[in-house]
Each structure stands twice: as C-alpha cells, then as structure tokens.
Amino acid sequence: MDGPVVAAARQALEAADVDLVLPFVPAEAEAEVRAAYDRVAPLRDNAPRVRETAELWFFETVVRLHRAGEGAPYTGLKPAGLSVGPVIPLAERAVETGSSQQLGDYLTDVLRNELEQRLDAVRALAAHRARSLEDERRYVQAMLGYEVYSHHLYGAMRATDHHEAGAHSHAE
C-alpha cells in the first residue's frame, strides 16, 4: 500500500487527475484505468467506508493492470511497511541523487560473495568427484548450476527494462 503504483493512484484521486497514474500502466490498459477512475471519483464524497472501499478497488485495479503490463501475476495489495530489502532503497536513492555509487558498491559486494561461495561449493565437490558416480553427478550439478546462475545474472544485467529481467517483488 506504500509502493509507487499505489502512491500514484492515491495522488491521482487526491488531485482529481487520473493522468498522474497512467504512466504506471501500459497504454493498452489506459481505458480501463480511466473507467475505474470515473467510477471511483464520485464516491470519494460519500461516507468514509464507501470512500475507503472505492479507493481500495481503484488501487487494486491499477496494480493489477501494472502487474499485467510487467507480465507478472497480481497477488493482491500488500500492507504498508513491508521490507523491500536493501536494494530498492539504494536504487531509489540513486535516482534521487543521480549517483549509482552506493548501489553499485553494494551489488558488487553481494555478487562477489555469491560467486565465491558457489564456486567454493563447486571446488569442494570437484575434490571428491572421482569417488563415485553419485559424487560426479553432484559435482556436475553444482558446476552447471554455477554456470547457469552466472548466465542468468548476465541476462539480468543486460535487460533493457525492469520486467525483462524477471518478475520483481517491489511493493506496489
């Protein structure tokens, strides 16, 4: 409930300007968002429960369409205050400050540690791979897993937009 999509939907309702939320949904969803807005806007002057229910429906509609535009399933609105992990705040700070230094340093450290730990596991299995066919299989699985993991990382780093790298879990 405190992610950027709901924040934009809330701002659109408060400013009486549906255009404020439209950048968060694909162009093909614009008509549905406008229709939802047109149904909800008049209800904001009603009793608090009616207003709250109408706004919640609007938020759900916008987030559902946003997620569909990413090719991701809609799994419902999440409560405010959930942790999004360490990367999203660093990425947000980079956008605000214009510097990716902190984010890059953090991701580099995490990546280096992950690669080292996974390679250490492969090397440990390699030392015993000749003992049995089962040990050889464990080694091959770890070795291929390391290579495929590296390949997927590279794909994510080269992705041109956020949904191309895989579904994200950023709070909506």
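Thresholds, definitions, all that
Residue positions are counted from 1 within each chain, in the order its sequence is given. Local features in a predicted model are, by the rule used here, given only for residues with pLDDT of at least 70; side-chain atom pairs are given and counted only at 80 or more, and totals for whole chains, interfaces and linings are based on all residues. Water and hydrogen atoms play no part in the side-chain values, which are based on all heavy atoms of the structure. Helical segments are the DSSP runs of H or I of at least four residues, strand segments are the runs of E of at least two, and each set is numbered from the N terminus. Burial classes: relative accessible area under 20% of the type maximum marks a residue as buried, over 50% as exposed, and values in between as partly exposed (1.4 Å probe, protein chains only). The contact criterion used is simple: two residues touch if any of their non-hydrogen atoms lie within 4.5 Å. Pairing of aromatic side chains requires ring centres within 6.5 Å, counting the rings of Phe and Tyr and the six-membered ring of Trp. Pairs whose planes differ by under 30 degrees are stacked, by over 60 edge-to-face, and all others tilted. Distance and angle both matter: a charge sits over a ring if NZ of Lys or CZ of Arg is within 6 Å of the ring centre and within 35 degrees of the ring normal.

1. Notes on the side chain of E55
- Structurally, E55 is set in helix α3 (residues 48–70).
- E55 sits in the buried class, given a relative accessible area of 14%.
- In contact with E55, other than residues within four places in its own chain, are L13, V40 and R44.

2. Focus: the packing of aromatic side chains
- Summed over the entire model, instances satisfying the criterion amount to one aromatic pair.
- A ring pair is formed by Y37 and F58, whose centres lie 6.1 Å apart and whose planes are at 65°; its orientation type is edge-to-face. Pair noted here: Y37 is in helix α2 (residues 30–40) and F58 is in helix α3, with a separation of 21 residues, a long-range link.
- Given a relative accessible area of 10%, Y37 falls into the buried group.
- Across from the ring centre of Y149, 3.6 Å away, lies the NZ or CZ of R118, which sits over that ring.

3. Notes on unusual backbone geometry
- In this structure, A16 takes a positive phi of about 55° despite not being glycine.
- With respect to the helices and strands, A16 occurs in the loop between α1 (4–15) and α2.
- In this structure A16 comes out as exposed when scored by relative accessible area, which is 56%.

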